[in-house]
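Spelled out from the first residue to the last, the chains are:
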Amino acid sequence: MIDKYLYHMRLSEDTLQEVSQRFGKEMEKGLGADTNPTASVKMLPTFVRSTPDGTEDGDFLALDLGGTNFRVLRVKVSDNGLQKVEMENQIYAIPEELMRGSGVQLFDHIAECLGNFMEKLKIKDKKLPLGFTFSFPCHQTKLDESILVTWTKGFKCSSVEGKDVVSMLRKSIKKRGDFDIDIVAVVNDTVGTMMTCGYDDHNCEVGLIVGTGTNACYMEEMRHIDLVEGDEGRMCINMEWGAFGDDGVLNDIRTEFDREIDMGSLNPGKQLFEKMISGMYMGELVRLILVKMAKEGLLFGGNLTPDLLTTGHFETRYVSAIEKEKEGLQKAHEILTKLGLEPSHEDCVATHRICQIVSTRSANLCGATLAAVLRRIKENKGVDRLRSTVAVDGSVYKKHPHFARRLHKTVRKLLPDCEIRFVRSEDGSGKGAAMVTAVAYRLAAQHKARQKILEALKLSREQLLEVKQRMRIEMEKGLGKDTHADATVKMLPTYVCSTPDGTEKGDFLALDLGGTNFRVLLVRVRNGMRRGVEMHNKIYSIPVEIMQGTGEELFDHIVHCISDFLEYMGMKGVSLPLGFTFSFPCQQNNLDEAILLQWTKGFKATGCEGEDVVNLLKEAIHRREEFDLDVVAVVNDTVGTMMTCGYEDPYCEIGLIVGTGSNACYMEEMRNVELVEGEEGKMCVNMEWGAFGDSGCLDDIQTEFDVAVDELSLNPGKQRFEKMISGMYLGEIVRNILMDFTKRGLLFRGRISERLKTKGIFETKFLSQIESDCLALLQVRSILQHLGLETTCDDSIIVKEVCTVVARRAAQLCGAGMAAVVDKIRENRGLDYLKVTVGVDGTLYKLHPHFSTVMHETVKELSPKCEVTFLQSEDGSGKGAALITAVACRIREAGQR
């Protein structure tokens, strides 16, 4: 009979799914900037950006104001491996007249009680951080700023609404002058609930209260919170979900009893969802049903008593008592008798069933909205199975015999693919406020510590100008005959004296050796109407045993590859001019003669250092006795880069590479190149600028991380400038900083994984990926997970920041070096203003999202009298070598003519 009568209160699983879906839509509305003003579920940002990680430490105060009493607490959090929390607290009354007096009086009273508490604990001399739980509707703009929207719960203090409660409390404390406190955070009790559990369970990201009222909060991705600037990280959202349905979306499931309760309440039309669920209304709902059924003669033989007809006389705790397993029916008898009725056994059974239906509906509805929250977290994280913890507080959840079980069951039904733990929270409004403060304190202290470490990597304009100056000095040393021997920036003459003029033509071979792969190319250069370059190439690998074997083996392997290529192109017997890109430090004595000074990049072939590589190549060709080649030019890839762009842009007189390694070249006046006879014209100088700083002239800007990377490298003390700017090392610098942060407990919860200790895992391409703007932190996390690093959201933000700082410094240093070069060319020519183009190549320059921009800005700032254009070069080491050969052949033919 009852089930039929209360048919509308019994919600099917489909209805609950529907409610859950609707709630999801309401959440969206509350988060959107355009839809928030009209949204009923307000989704207020709390500015709490992080949950506890268990390393919180220190002494905190908490203030809990949310009713006629308020509490002051001292919370000691210690992390000596045994996370523990000790608390002392004191309850103070707020006299009736203060609740209705002026705001100033109220806050003066609170300050006085606070002083009294500190006096008692003998802590007045300390400046302790304080968390303030203020459980009234507020508009929060910062963690420590909260504007009271309206008083509730019987408070009516004048001139507080519309003001920031923190500054009012601060004023009252200052006025006393007998103690000082650092108010760090204003907290809503729901958030406090989540934070209290978060200390013990790091998966905790939802807080739920079902007591007199109901509300929930959860950690949302910043990118979805339109009301707060910034897209990085997460923030706790105080949903204020009691107002769900205030816009009419629940009208189809609200019953006549819900409408009646609303009409008789203090705030008709408001908090409609809360009125279907929370402790304040549950007993009243049961009473209204009993009255209606009695009136219809279905209960108590149609009898009504004055008590039963009085609002609020059937308390919610009665519902809990009646639903108890064993003594429930007897309790029903007692309670109904107390209300002046003479209940039959059937009446007691019926009342028990009514209580059951009302409290079950409450648990079901609560489960439906909670499922929507968890579903949203799951989608935000992009996982198949969500493992999460919900912290719960409130008398209904804790005291009702079946509420919790029913709530869990509903969530499990609606979200079968999630593992959700429910944890009872203890004292969210006290301990929780202290926890929020402890986390904020930890984050601020960690942030400060990290900034201090990163400070060394941030270069001022003065420092960059200084780097430019020093580069200029080192360039002069390398060019001078007397100083060259001791110079670190070698400024090697390349014997390339001219850039392309567009009349070049013919077929050329190019060889490109500069790493573990090796290429052979055929380049057809056309002039006239069909001016352009057509290329064919093939890539061959060089096995490690050949890289580290004998020189003969290496060059025989190269010739074998050339032979294969000529056969592949069907050009077996042809003798072609050849350009050889050999990207290792060489001393060139002629365009076709290069003495290898030392191997780099993992090459160790014996019998090559100090030898002319053109000779080594020719000898290998003779050994094979299969074809003959005219080796016209040995080229460094940087020069090739300049030449490739020179073919497109006549202003191009500088080449720059920022890839695995870094180097630059430029057209210098012959009169300044003291190592080569002759004063006329120009010659391209291969700077080998990676070695800038090897003399110690950059020691003052080198950080401990640069030193660590240098010490573990293959060539300690060498190529110091390159180690601060090139792709081969940036990832290592980042890894060393991350290790340092972790050792200091500033990252990854202080746990260093074996992976993080592994040299070279942090590839430079990860830097480019992590910094690309379109990447959500989710992808940063997946890169870090791929590296075997378990990260929180905060960790991802920190890693991204480190990458940014390291890459920015690299780009600025590179820009400072380039500024020295363009100004030298300008001064060489006695110009007030120089227009010049730089041909650039290299993965870091091309693939990193911000490197090129920062570098261009730096050059512009440090060399204001130069207009510098940067042109990306295509294949300087292949096409470039062929073009140098083509230019050389053009000049050679002109000479023969």
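Look up: the structure comes first, before these words.
The following refers to the structure shown. (Residues numbered from 1 in each chain as written. Predicted model: local features only at pLDDT ≥ 70, side-chain atom pairs only at ≥ 80, totals over all residues. Heavy atoms only, no water.)

Turning our eyes to something else, we now look at the overall build of the chain. Assigned secondary structure in the chain consists of 29 helices and 26 strands. For 897 residues, the compact-globule formula gives about 29 Å, and the C-alpha radius of gyration of the chain, at 38 Å, lies well above that figure. C-alpha atoms of the chain, sized along the principal axes, occupy 130 × 65 × 50 Å. By residue count, 58% of the 897 residues in the chain fall in the buried class. As displayed, the chain offers around 37,200 Å² of accessible surface, 49% of which is attributable to carbon and sulfur atoms. (Helix = DSSP H or I, 4+ residues; strand = E, 2+ residues; numbered from the N terminus. Rg over C-alpha atoms; globule rule 2.2 N^0.38 Å. Buried < 20%, exposed > 50% of the residue type's maximum accessible area, 1.4 Å probe, protein only. Areas by Shrake-Rupley, 256 points an atom, 1.4 Å probe, with all protein chains shown as cover.)

A few words now on the sheet that holds strand S16 (residues 517–526). Pairing is mixed across the open sheet formed by 5 strands, whose spatial order is S17-S16-S15-S18-S21. Sheet topology places strand S17 (532–541) and strand S21 (630–635) at the edges, where each strand pairs with a single neighbour. Pairwise comparison of adjacent strand axes, ignoring direction, gives a mean angle of 20° for this sheet. Inspection of the sheet shows strand S18 (residues 577–582) paired to S21 by 5 bridges, in the parallel sense. Within S21, the residue paired with Phe580 across the bridge is Val634. Against the sheet, helix H18 (residues 551–568) contacts strand S15 (506–513), S16, S17 and S18, and its axis sits at roughly 130° relative to S17. Packing against the sheet, helix H19 (residues 613–624) makes contact with S15, S18 and S21, and its axis sits at approximately 145° to S21. (Pairing = 2+ DSSP bridges. Axes fitted to C-alpha atoms, helices over the stretch in contact; angles between N-to-C directions. Contact = heavy atoms within 4.5 Å.)

Leu208, Tyr218, Met239, Trp241, Phe314 and Ile354 are the most contacted members of the largest nonpolar core, which has 113 residues in total. With 16 residues, the top contributor of residues to this core is helix H12 (residues 345–381). Non-local contacts of Met239, meaning those with residues more than four positions away in its chain, are made with Phe23, Met27, Val41, Lys42, Met43, Asn215, Ala216, Cys217, Tyr218 and Val373. Listed in part, the 84 residues of the second largest apolar core include Met491, Cys814, Met818 and Leu834. (Core = buried A, V, L, I, M, F, W, Y, C linked by side-chain atoms within 4.5 Å.)

A few words on the side chain of Ser146. Mapped onto the elements, Ser146 comes out in strand S7 (residues 145–148). Ignoring sequence-local partners within four residues, the contact set of Ser146 consists of Cys138, His139, Gln140, Lys163, Asp164, Val165 and Val186.

A word on the sheet that holds strand S9 (residues 204–210). In space, the 6 strands of this open sheet follow the order S1-S11-S10-S9-S12-S13, with mixed pairing throughout. In this open sheet, the two strands that pair with only one neighbour each are strand S1 (44–45) and strand S13 (418–424). Along the sheet face, H12 touches S9, strand S10 (214–221), strand S11 (234–238), strand S12 (386–393) and S13 and points at about 165° away from the line of S9.

Side chains of residues three or four places apart in an α-helix project in the same direction, reflecting 3.6 residues per turn. Listing the buried residues of helix H21 (residues 704–711) in full gives Phe705, Asp706, Val709 and Asp710. The buried side chains of H21 occupy one side of the element, clustering within an arc of 135° when seen end-on. On its buried face, H21 is in contact with helix H15 (431–455), helix H22 (720–725), helix H23 (727–743) and helix H26 (793–828). (Arc of directions from axis to C-beta.)

Our focus in this paragraph is H26. Between its terminal C-alpha atoms H26 stretches 53 Å, which fits the 52 Å expected from 36 residues at 1.5 Å a residue. Downstream of H26 by one or two residues, Gly830 has phi in the positive range, about 60°. (Expected span 1.5 Å × (residues − 1).)

A few words now on a negative patch on the surface. Judged by side-chain charge, Asp482, Glu674, Glu677, Glu679 and Glu680 come together as a negatively charged surface patch. Tracing the backbone shows Glu680 in the loop between strand S23 (662–669) and strand S24 (682–686). (Patch = residues over 30% accessible without salt bridge, like charges linked within 9 Å, V, L, I, M, F, W, Y side chains within 5 Å. Salt bridge = Lys/Arg side-chain N within 4 Å of Asp/Glu carboxyl O. Lys, Arg positive; Asp, Glu negative; His and termini not counted. Charge placed at Lys NZ, Arg CZ, Asp CG, Glu CD.)

Right, let's get into the packing of aromatic side chains. For the structure on display, the rule yields 19 aromatic pairs. For the ring pair Phe692 and Phe721, a centre distance of 5.1 Å and an interplane angle of 70° mean the geometry is edge-to-face. Of the two residues, Phe692 sits in the loop between S24 and H21 while Phe721 sits in helix H22, which places them 29 residues apart along the sequence. In terms of burial, Phe692 and Phe721 fall into one category: buried. By way of ring pairs, the aromatic residues Phe580, Phe582, Phe584, Trp599 and Phe603 are connected into one cluster. Above the face of the Tyr568 ring, Lys538 is positioned so that its terminal group lies 4.6 Å from the ring centre. Stacked on the ring of Tyr651, the Lys or Arg Lys835 has its end atom at 5.0 Å from the ring centre. (Phe/Tyr/Trp six-rings, centres within 6.5 Å; stacked < 30°, edge-to-face > 60°. Lys NZ or Arg CZ within 6 Å of the ring centre and 35° of its normal.)

This part covers the pairing of S10. Counting buried positions along S10 yields 8 of 8 residues, so the element is predominantly enclosed. Covered by surrounding structure in S10 are Thr214, Ala216, Tyr218 and Glu220 together with Asn215, Cys217, Met219 and Glu221, the residues of both alternating faces. Where S9 and S10 come together, 5 bridges link them in antiparallel fashion. Each bridged residue has a counterpart across the sheet, and for Gly207 the counterpart in S10 is Cys217. Once S9 ends, the chain turns through 3 residues before running back antiparallel as S10. Where S10 lies against S11, 5 bridges are found, and the strand directions are antiparallel. Bridging from a neighbouring strand, Met219 pairs with Cys236 of S11.

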